[in-house]
Amino acid sequence: MSNPKVAIVMGSDSDFDKLKGCIGVLKKFGVEADVNVISAHRTPEAAEKFAKSAEENGIEIIIAAAGKAAHLGGVLAAFTTLPVIGVPIKSSTMDGMDSLLSMVQMPKGIPVATVAIDGGDNAGILAVQMLSLKYEHLKEQLKTFKADMAREVEEKNQKIKEIVKSL
Ligand code: RP5
């Protein structure tokens, strides 16, 4: 079986900082991240070409991140049957609501699975969860990831209780 591979496509290099967590998550799970800057508006032909050839290039899921009038996820989804996860980026005066609505309000037939504004980490986790349907080892890693998270919360719970006691 091939190695799991996810594409991250961002509308501009100015989105990059918001995607570092996502790249980190994919790396943590051993998923190859193919990272690209492609704009639905400024380089529409490149967006079309990328989406049309993604599957034959071994990509299994596309994460599309964009700000403002964020059409990138929808445009990529129009040209592929691969699942597209959208990350609305807060990059304008509208606190990211513009990007969120542009991504999440897709017309029937062309879904973009949109995560929270600047929710790159969750996009990575969701991609790994989708891949775990095919790659059994990822399921095991996800179980460990969730158990670690639960343990951290329990530790925080105990710490807070001690602080409250000392007040
Ligand atoms: C969007 O416009 C990009 O995804 C970015 O969030 C925003 C601003 O892009 P730049 O003008 O910084 O290149 O298309």
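Note: the structure precedes this text.
So, here is what we can say about the structure in this document.

About the criteria used
- Residues numbered from 1 in each chain as written.
- Predicted model: local features only at pLDDT ≥ 70, side-chain atom pairs only at ≥ 80, totals over all residues.
- Heavy atoms only, no water.
- Near = heavy atom within 4 Å.
- Polar contact = N/O pair within 3.5 Å; in protein donor to acceptor, adjacent residues only side chain to side chain.
- Nonpolar A, V, L, I, M, F, W, Y, C, P; charged D, E, K, R; others polar.
- Salt bridge = Lys/Arg side-chain N within 4 Å of Asp/Glu carboxyl O.
- Helix = DSSP H or I, 4+ residues; strand = E, 2+ residues; numbered from the N terminus.
- Buried < 20%, exposed > 50% of the residue type's maximum accessible area, 1.4 Å probe, protein only.
- Arc of directions from axis to C-beta.
- Contact = heavy atoms within 4.5 Å.
- Pairing = 2+ DSSP bridges.
- Core = buried A, V, L, I, M, F, W, Y, C linked by side-chain atoms within 4.5 Å.

Before going further, it helps to examine the site of the ligand. As a matter of local geometry, the ligand sits amid Gly 11, Ser 12, Ser 14, Asp 15, Arg 42, Ala 66, Gly 67 and Ser 91. One of the backbone N or O atoms of Gly 67 is found 3.0 Å from an oxygen atom in the ligand. One of the side-chain N or O atoms of Ser 91 is found 3.2 Å from an oxygen atom in the ligand. The residue inventory of the shell around the ligand, partitioned by class, reads one nonpolar, five polar and two charged.

Our focus in this paragraph is the pattern of salt bridges. The final tally for this structure, using the stated rule, is seven salt bridges. Residue Glu 60 pairs with Lys 134 through a salt bridge whose shortest N-O separation is 2.7 Å. You can see Glu 60 sitting in the loop between helix H2 (44-53) and strand E3 (61-67) and its partner Lys 134 sitting in the loop between helix H5 (120-131) and helix H6 (136-166), a full 74 residues away along the chain. For Glu 60, a relative accessible area of 16% corresponds to the buried category. Lys 143 is paired through a salt bridge with Glu 140; the nearest N and O atoms lie 3.7 Å apart.

Taken together, the buried positions of helix H4 (residues 97-104) are occupied by Asp 98, Ser 99 and Met 103. Buried positions in H4, seen along its axis, are confined to an arc of 120° and lie on one side of it. The secondary structure elements touched by the buried residues of H4 are E3, strand E4 (84-89) and strand E5 (113-114).

Here we come to the pairing of strand E2 (residues 32-37). Sheet topology note: the strand E1 (residues 5-10)/E2 ladder contains six bridges and is parallel. When the sheet's bridge partners are listed, Met 10 is paired in E2 with Val 37.

Our focus in this paragraph is the nonpolar core. The tendency in soluble globular proteins is for nonpolar side chains to be buried side by side. Counting 26 residues, the largest nonpolar core has Val 6, Leu 26, Phe 29, Val 31 and Ile 63 as the members making the most contacts within it. The residues touching Val 31, leaving out its near neighbours within four places in the chain, are Pro 4, Lys 5, Val 6, Leu 26, Val 128, Leu 131 and Leu 138. Residues Val 9, Phe 50, Ala 66 and Leu 76 belong to the second largest nonpolar core, which totals 20 residues.

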